[in-house]
Amino acid sequence: FSISKESGTQITLNAPEELTIGGKVLTFVSWEVRENRIEQVFISFDLEKDLTATVRYQPKAAEPVKPLSVNVFANARQVCSPNFSHELTVSWKVSGGKSPINVQIEITGPDGKVETIKDLPLAGERKFQLRYPGGGSVKIKVIAKDESNSSSSAQSSVQLGACQ
């Protein structure tokens, strides 16, 4: 733009901290006036003939992605009812990574059978009814995989007592 004022007139310019142009976010870098670099969004100066003030922007830096991390906790309660022997409670939390993140739980019973539960939220708690009246060890694994194909997992295990 151009300004037609008398020389010696005080001018103040204000640049926005961020601009969005064509869907891209730009952040303020500096003004350049009289070959001086000024790293403040507000500048004031005396107007002179043929004076140029240039504002500089750069693409906004992407937020760094934290590494994908998984935490899991499991416990079991002995029930010994006709329908199931134990109630397994699994709690998990996934953090970091790049969205979307796929989360699943694998439960491996004492007999080696694996049950997989997919499309889980990033954090939660689920209860499962187990049928292992003879008891044994149950392994729980929570697996998370993010958009960049990074993966992380955490494991826990519980010991089931035998029903009498």
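Everything that follows concerns the structure shown earlier in this document.
To start, this report covers the structure provided alongside it. (Residues numbered from 1 in each chain as written. Predicted model: local features only at pLDDT ≥ 70, side-chain atom pairs only at ≥ 80, totals over all residues. Heavy atoms only, no water.)

### Comments concerning the pairing of strand β9 (residues 102-108)
Side chains Val103, Ile105 and Ile107 project from β9 onto a buried face, and the interleaved Asn102, Gln104, Glu106 and Thr108 project onto a face without burial. Taken together, the 7 bridges between β9 and strand β12 (residues 136-145) define a ladder with antiparallel strand orientation. Bridging across to β12, Glu106 finds its partner in Lys141. Of the pairings in the sheet, the one linking β9 to strand β10 (residues 114-117) comprises 4 bridges and is antiparallel in character. Looking at β10, one finds that Ile105 is bridged to Ile117. What sits between the antiparallel neighbours β9 and β10 is a turn of 5 residues, in which Gly112 has the positive phi angle 90 degrees. (Buried < 20%, exposed > 50% of the residue type's maximum accessible area, 1.4 Å probe, protein only. Helix = DSSP H or I, 4+ residues; strand = E, 2+ residues; numbered from the N terminus. Pairing = 2+ DSSP bridges.)

### Details of the sheet that holds β10
What links the strands of a sheet is backbone hydrogen bonding, and the strands pair in either a parallel or an antiparallel sense. Read across the sheet, 4 strands follow the order β10-β9-β12-β13 without closing on themselves; strand pairing throughout is antiparallel. Looking along the sheet, the strands with just one partner apiece sit at the ends: β10 and β13 (151-160). Recorded for the sheet is a direction-independent mean angle of 15 degrees between the axes of neighbouring strands. Note that β12 and β13 share 10 bridges and pair antiparallel. (Axes fitted to C-alpha atoms, helices over the stretch in contact; angles between N-to-C directions.)

### What about the state of the cysteines?
Under the defined criterion, the tally for this structure stands at 1 disulfide. Bridging Cys80 to Cys163, the disulfide has an S-S length of 2.1 Å. Across the disulfide from Cys80 to Cys163, rotation about the S-S bond amounts to roughly -90 degrees, and the bridge is consequently left-handed. A residue pair is termed long-range when its members are at least 10 positions apart, and Cys80 in the loop between β7 (69-78) and β8 (86-95) and Cys163 in the segment after β13 qualify at 83 residues. Judged by its relative accessible area of 21%, Cys163 falls in the partly exposed class. (Disulfide = S-S within 2.5 Å.)

So, to be careful, I would describe these as geometric facts and stop short of saying anything about function.
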